[in-house]
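Single-letter residue listing:
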Amino acid sequence: MAEQPMLKFVKIDRVMPEKRDAEARNHDFDEIYAEYADAKAKEQSSRCSQCGVPYCQSHCPLHNNIPDWLRLTAMGRLEEAYEVSQATNTFPEICGRICPQDRLCEGNCVIEQSGHGTVTIGAVEKYITDTAWEKGWVKPIAPVAEREESVGIIGAGPGGLAAADVLRRAGVQVTIYDRYDRSGGLLTYGIPGFKLEKDIVMRRNKQLEDGGVTFVLNCNVGEDISFDAIRGKHDAVIIATGVYKTRDLQGPGSGAEGIVRAIDYLTASNRKSFGDDVPEFDSGELNAQGKKVVVIGGGDTAMDCVRTAIRQGAESVKCLYRRDKLNMPGSQREVQNAEEEGVEFVWLTAPKGFSGDAVEGVMVQKMRLGVPDATGRQAPEVIEGADYVEDADLVIKALGFEPEDLPQLWGTEGLEVTRWGTVKAEFTSGATSLPGVFAVGDIVRGASLVVWAIRDGRDCAGAVLEQLAGGVAVAAE
């Protein structure tokens, strides 16, 4: 048999450099993916039943007009769909990525409730806005007329940024003060990049900065500048600090090396993704690579931690939660994602203590669910004699967040807080006990969702505009 000639791939354009050839292939892939994404968005949008009572809309904190932008997407009228989407949501591409749709819009879709699978509302919302940015439909912030009034916002998280967007578009001068070196709050440093790409957040930050918002970063209110000084500089002040005080663990060995806070762990990982110098990560203190990791908690922050540890190359990752799967506060979709990625959930367990000067294990109590507590959830009870030890050389505390004591931290008299330490504010306007001072987001609600912070920021900005125009905001009682 004659020898067959060897087949070779030959570049037709011999002038094209190798790099440009790779870029061309990437461009072809991007075009194919874009066509696929467009087809899937239209397919999912066309499944919307356009029901007379849109439960998806009523269960969205922003009351987004979901049926209308789904209908426009199904018709291929994407720019109009984007206009409808952004009319009620300052950051739709962010909500499309991180909202727990299974607990909100998608969980209340009538198609889902009839057993045919939900319309993937979040994915369509993300696609619409990503396309809008790509096509140049996202308009820059350009007030029709500038105003002399100024507003100071303390906190560059989603609530503060949403308020800044509304105020700046109205021509108000806006200055945001934040303790971190980048704006975005938990969007930047708390939520992992695999859920929310950081360039998406930075793009919004740049839009605000280009639109005239002034950012004063690396600024600790109460240390670098006083709260009273901020009040003196501005016609109104919005407190949007969020809640960063971590609930702690008690018990023997709770101060051992290798037991870390979730916020520190996630911040280190996110800083590393920005290319920052992070000694605590490089030393292994806040790095899960090669370690037996135990995460304690059952909320969305715990899910972020376990999935980050998997990506860092942990030897094993376990999540301890004192109730069962049905009673956990985090997103069921996130739990499913974590399980598929190799996380082991150990339900009905709680830490009793820790062994080792550098942590070697978690002393675990087995639990059972007893009678419902004051919130209606079944209270966990200890099963005596069922203790055991989970091996661990990195323990991450993800037990939730509480508000810092702002009146004491800022040396401020007259700022009233609730018995939980959150700022007491009027429900819709955000007006506090101090004239001209408002509060929004988690510092009012307690640890909550990004979408609620956006809602609060937008509502509060409207109340501030009314006050600046001569109206009176109702103070908190």
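Residues numbered from 1 in each chain as written. Predicted model: local features only at pLDDT ≥ 70, side-chain atom pairs only at ≥ 80, totals over all residues. Heavy atoms only, no water.

Inspection of the secondary structure puts Asp304 in helix H14 (residues 300–311). On the basis of relative accessible area, Asp304 is assigned to the buried category, the value being 6%. Ignoring sequence-local partners within four residues, the contact set of Asp304 consists of Gly190, Ile191, Pro192, Phe194, Lys195, Leu266 and Glu334. (Helix = DSSP H or I, 4+ residues; strand = E, 2+ residues; numbered from the N terminus. Buried < 20%, exposed > 50% of the residue type's maximum accessible area, 1.4 Å probe, protein only. Contact = heavy atoms within 4.5 Å.)

The next subject is the environment of Trp69. Within the secondary structure, Trp69 sits in helix H3 (residues 66–74). Linking Trp69 and Val124, residues 55 residues apart in sequence, is a C-alpha distance of 9.3 Å. Filtering out sequence-adjacent residues up to four positions away, Trp69 remains in contact with Asn64, Ala81, Val84, Ser85, Ile121, Val124, Glu125 and Ile128.

Turning our attention to the pairing of strand E10 (residues 349–355). Here six bridges tie E10 to strand E11 (residues 361–372), and the two strands are oriented antiparallel to one another. The residue bridging Gly353 from the neighbouring strand is Met363, located in E11. (Pairing = 2+ DSSP bridges.)

This part covers the pattern of salt bridges. Evaluation of the coordinates by the stated rule reveals 36 salt bridges. Between Arg182 and Asp276 there is a salt bridge, with the nearest N and O atoms lying 2.9 Å from each other. Of the two residues, Arg182 sits in the loop between strand E2 (173–177) and helix H9 (186–189) while Asp276 sits in the loop between helix H12 (262–273) and helix H13 (279–282), which places them 94 residues apart along the sequence. Here Arg182 matches Asp276 in class, with each residue buried. Among the salt bridges present, the one from Arg323 reaches Asp373, with a minimum N-O distance of 3.3 Å. Taken together, the residues span a long stretch of sequence, with Arg323 in the loop between strand E8 (316–321) and helix H15 (332–341) and Asp373 in the loop between E11 and strand E12 (378–382) at a distance of 50 residues. Beyond isolated ion pairs, a larger network of salt bridges with shared partners links Lys195, Asp304, Arg307, Arg311, Glu334 and Glu341. (Salt bridge = Lys/Arg side-chain N within 4 Å of Asp/Glu carboxyl O.)

With that settled, consider the sheet that holds strand E6 (residues 259–261). Taken in spatial order, the five strands of this open sheet run E6-E14-E7-E8-E9, and their pairing is parallel. Here the strands that pair on one side only, and so sit at the sheet edges, are E6 and strand E9 (344–347). Strand-to-strand twist across the sheet, computed as the mean angle between neighbouring axes with direction ignored, equals 25°. Here three bridges tie E6 to strand E14 (residues 394–397), and the two strands are oriented parallel to one another. Bridging from a neighbouring strand, Arg261 pairs with Lys397 of E14. This element, H12, spans E6 and E14 of the sheet and lies at about 75° to E6. (Axes fitted to C-alpha atoms, helices over the stretch in contact; angles between N-to-C directions.)

This part covers the nonpolar core. As a rule of thumb, soluble globular proteins bury nonpolar side chains together. Judged by nonpolar contacts, the single largest core of 66 residues is most densely connected at Val151, Ile153, Leu167, Ile176, Ile238 and Val464. The dominant element in this core, judged by the number of residues it contributes, is helix H18 (residues 450–468), at nine residues. Excluding residues that lie within four positions of it along the chain, Ile153 makes contacts with Gly160, Ala163, Ala164, Leu167, Val174, Thr175, Ile176, Tyr177, Ile238 and Ala240. Membership of the second largest hydrophobic core comes to 28 residues, among which are Ala302, Met303, Leu394 and Ile396. (Core = buried A, V, L, I, M, F, W, Y, C linked by side-chain atoms within 4.5 Å.)

This brings us to H14. The end-to-end C-alpha distance of H14, which contains twelve residues, comes to 17 Å, matching closely the 16 Å that a straight helix rising 1.5 Å per residue would cover. Inspection of H14 places Ala302, Met303, Asp304, Cys305, Val306, Arg307, Thr308 and Ala309 among the buried residues, and these make up the whole buried set. Check the buried side of H14 and you find it contacts H12, strand E7 (292–296), E8, H15, E9 and E14. Phi turns positive, to about 85°, at Gly313, one or two residues after H14. (Expected span 1.5 Å × (residues − 1).)

For the pair helix H8 (residues 158–169) and helix H10 (residues 198–210), interaxial distance at closest approach is 10 Å and the crossing angle is 30°. The two elements H8 and H10 cross, and the hand of that crossing is left-handed. Contacts between H8 and H10 involve Leu161, Ala164, Asp165 and Arg169 from the former and Asn205, Gln207 and Leu208 from the latter. A per-class count over the contact of H8 with H10 returns three nonpolar, two polar and two charged. (Left-handed = near helix turned anticlockwise from the far one by under 90°. Nonpolar A, V, L, I, M, F, W, Y, C, P; charged D, E, K, R; others polar.)

On to the environment of Ser226. Tracing the backbone shows Ser226 in the loop between strand E3 (214–216) and helix H11 (227–233). Taking the C-alpha atoms as reference points, Ser226 and Lys206, 20 residues apart in sequence, are found 27 Å from one another.

On to the packing of H8 against H18, then. It is the contact of H8 with H18, at a shortest axis distance of 7 Å, that shows an interaxial angle of 35°. Between H8 and H18 lies a crossing of right-handed hand. Residue-level contacts link Pro158, Gly159, Ala162, Ala163, Val166 and Leu167 of H8 to Val450, Ala453, Ile454, Gly457, Arg458, Ala461, Val464 and Leu465 of H18. Each residue belonging to the contact of H8 with H18 can be placed in one class, and the counts come to eleven nonpolar, two polar and one charged.

Turning to the packing of aromatic side chains, a few remarks are in order. Tallied over the entire structure, the rule returns five aromatic pairs. With a centroid separation of 5.2 Å and an interplanar angle of 50°, the aromatic rings of Tyr180 and Tyr189 are classed as tilted. In this structure, Tyr180 and Tyr189 share a single accessibility class: buried. Consider the rings of Phe227 and Trp410, whose centres lie 5.0 Å apart with planes at 20°: the pair is stacked. (Phe/Tyr/Trp six-rings, centres within 6.5 Å; stacked < 30°, edge-to-face > 60°.)

By secondary structure assignment, the location of Ser331 is in the loop between E8 and H15. There is a polar contact of 3.1 Å between the side chain of Ser331 and the side chain of Asp102. Of note is the side chain of Ser331, whose polar atom sits 3.2 Å from the backbone nitrogen of Arg333. The contacts of Ser331, once residues within four sequence positions are left out, are Pro100, Asp102, Arg103 and Asp300. (Polar contact = N/O pair within 3.5 Å; in protein donor to acceptor, adjacent residues only side chain to side chain.)

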